[in-house]
Amino acid sequence: MRILAAAAAALTALTLGAGCSGTQQAADPGCEKYAEYAGNVGSTVSVFSTIRGLQSEQTQQSWTQFEDCTGIDIQYTGSAYFESELRRRVQNGAAPDLALFPQPGLLADLVRSGKMRPAPATVQANVTKWFSPDWSRYGTVDGVLYAAPFTASVKSYVWYSPKMFGVRGLQVPTTWAEMITVSDAFAAEGVKPWCLGIESGSATGWPVTDWVEDVMLREFGADVYDQWVGHQIPFNDPRVVTALDKVGQIVRNPEYVYGDPAAVVATSFKEAGLPIMEGKCAMLRHGSSYADMWPKNAKVAPDGDVFAFQVPPIDPAKGRQLLVAGEFVGAFNDRPEVQAVAAYLSTADWANSRGHVGGAVSANSGFDLANAGTAIEKLSAELLTDRSITARFDGSDMMPAKVGTGTFWTGMTDWINGASTTDTLNRIESTWPR
């Protein structure tokens with residue numbers, strides 16, 4: 001914890017009226033905006049998350065002033081084994097105060113275990129004010145809000161080489177049909193239009209699930225997508241068959257994909273797009289997180305070495321659709337200091353603080369695009385806060401873990417290796433929890 005100086009502690013009672021209660025006290029005019037969180041000096045709030053490395057450092061930096069002004073020590077832990085460790089800690093009575101859930105399905109599981117606390121009124125008010133209903137619903141379980149959106153990312157991107165497009169006179173496609181036309185133009189020259197790599201350790205196969213989710217959302221709309229994710233229609237429904245076969249027209253087309261099936265399965269998703277830099281393939285379907293995978297000297301911009309466009313609609317008359325991901329702040333305790341931190345993290349003020357630090361954006365409608373540090377972050381923030389776009393969360397993260405992060409992944413790996421669409425979907429359907 002940032003150590004509170006004895007003198008500052010002694011002055012706490014005198015300075016609360018000025019809106020500051022921590023080490024900086026009223027000397028920092030910036031503390032005035034934290035007045036509503038006062039009264040928690042010397043308290044500690046634990047936060048548990050999947051976020052590690054540089055983004056962990058940036059996340060912690062984003063709430064430094066809040067800590068200094070309120071005197072609340074936010075003790076952060078990031079883990080590569082978030083789900084299993086969180087479940088263990090909850091079962092052992094050692095749950096963190098707050099957890100940043102990347103999977104709404106896991107959030108729902110733990111809510112129904114009776115261990116979580118509903119979002120306080122302040123958080124509910126912030127979510128209503130700053131987030132679209134699409135985002136609010138992912139932190140809601142059985143009609144009750146339990147978690148506010150945290151950071152967000154775009155899953156529906158196609159990364160491409162502006163130079164490879166430019167020298168051929170190709171425009172960024174605005175419809176699925178145009179994207180196929182662009183693909184055919186590259187293939188006609190003997191250039192593979194699509195890069196693909198799905199290796200990810202025990203999570204191998206997940207990049208293909210994103211393809212399927214994008215097509216389900218675009219081909220059949222949000223209502224059918226929700227029914228599929230919630231198993232109101234079976235995994236082997238004819239519409240899912242249609243979607244997977246449409247994906248197969250690209251990712252199982254030897255004229256389109258760089259590398260044979262064995263190479264695709266063996267190639268790390270982190271390295272899958274790098275052949276674009278060498279002109280060996282032209283496009284990679286991947287989320288905004290892939291911005292961190294490009295070489296450090298690569299210019300990521302519309303006029304750069306690589307950039308991204310939104311996966312286009314299949315039927316433009318249905319508008320634009322966006323597959324998204326992100327984290328949600330859920331509480332296991334309702335102490336005043338925990339509620340204060342949860343409330344702050346649901347505000348536009350925090351979203352802009354996080355954006356200003358760099359490396360992340362938010363679906364918060366109060367997010368200032370000036371705080372998006374890169375061209376791709378700005379594009380992502382524009383899409384995430386555009387309420388005319390139909391947004392849906394990553395389907396595999398919404399499904400029961402046995403399927404969403406289990407047989408859906410392994411099934412797509414087998415399918416890339418040649419398993420039939422019917423057999424693959426039947427097998428996944430057979431594993432859905434009854």
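Above this text is the structure in question.
First, a word on what this report is: a plain description of the structure on this page. Just so we're clear, the structure is a prediction, and the values are computed from it rather than from any experiment.

The rules behind these values
All residue numbers refer to position in the chain's written sequence, counted from 1. The model is predicted, so local features are restricted to residues of pLDDT at least 70 and side-chain atom pairs to those at 80 or more, both for listing and for counting; the totals for chains, interfaces and linings are taken over all residues. Hydrogens and water are ignored here; the side-chain numbers use all heavy atoms of the structure. A run of DSSP states H or I qualifies as a helix once it reaches four residues; a run of E qualifies as a strand once it reaches two. Both are numbered from the N-terminal end. When a residue's accessible area, from a 1.4 Å probe over protein chains only, is under 20% of the maximum for its type it is buried; when over 50% it is exposed; and in between it is partly exposed. Whether two residues touch is decided by their heavy atoms; if any such pair falls within 4.5 Å, the residues are in contact. Per-residue and other accessible areas follow the Shrake-Rupley method at a 1.4 Å probe size, with only the shown protein chains counted as cover for residues. The convention is simple: Lys and Arg are positive, Asp and Glu are negative, and His and the chain ends are not counted. Taken as the charge centre is NZ of Lys, CZ of Arg, CG of Asp or CD of Glu, depending on the residue. The criterion for strand pairing is that DSSP finds at least two bridges linking the strands in question. Geometry is summarised by axes, namely lines fitted to C-alpha atoms with helices restricted to the contacting stretch, and by angles between N-to-C directions that run from 0 to 180 degrees. Pairs of N or O atoms within 3.5 Å make up the polar contacts considered here, provided that, within protein, one atom can donate a hydrogen while the other can accept it, and that residues adjacent in sequence are counted only when both atoms are side-chain atoms. By convention in these notes, a salt bridge is any Lys or Arg side-chain nitrogen within 4 Å of a carboxyl oxygen on Asp or Glu.

### Some words on the overall build of the protein chain
Scanning the protein chain for helices and strands turns up 18 helices and 12 strands. Dimensions of the protein chain along its principal axes, counting C-alpha atoms only, are 75 × 50 × 40 Å. A buried classification covers 54% of the 434 residues belonging to the protein chain. Taking contacts inside the protein chain between residues at least 6 apart in sequence as the whole, the part at least 24 apart equals 73%. Accessible surface for the protein chain amounts to roughly 17,400 Å². Of this, 51% is attributable to carbon and sulfur atoms. Between the centroid of the 34 positive side chains of the protein chain and the centroid of its 46 negative side chains there is a distance of 2 Å.

### Section: the sheet that holds strand β7 (residues 157-160)
In spatial order, the strands read β8-β9-β7-β10; together these 4 strands make up an open sheet with mixed pairing. Two strands bound the open sheet, and with one partner strand each, they are β8 (192-194) and β10 (307-310). The sheet shows a mean angle of 25° between the axes of neighbouring strands, taken without regard to direction. Pairing geometry for β7 and β10, over 4 bridges, is antiparallel. Within the sheet, the bridge partner assigned to Tyr157 lies in β10 and is Gln310.

### Some details on the environment of Leu145
Relative to the assigned elements, Leu145 resides in strand β5 (residues 144-145). Overall, Leu145 belongs to the buried group, its relative accessible area being 12%. In this view, Leu145 contacts Pro118, Ala119, Val123, Gln124, Val127, Ser136, Gly139 and Thr140; residues no more than four positions away in its chain are not counted.

### Quick notes on the side chain of Asp73
For Asp73, the position within the fold is in strand β2 (residues 73-78). Owing to a relative accessible area of 5%, Asp73 belongs among the buried residues under this scheme. Polar side-chain contacts of Asp73 include one of 3.1 Å to the side chain of Gln75.

### Let's talk about the pattern of salt bridges
In total, this model carries 23 salt bridges according to the counting rule given. Residues Arg285 and Asp214 are paired through a salt bridge, measuring 2.8 Å at the closest nitrogen-oxygen approach. With a gap of 71 residues between them, Arg285 in strand β9 (residues 281-285) and Asp214 in helix α10 (residues 206-229) connect regions that are remote in the sequence. The two residues Arg285 and Asp214 agree in class, both being buried.

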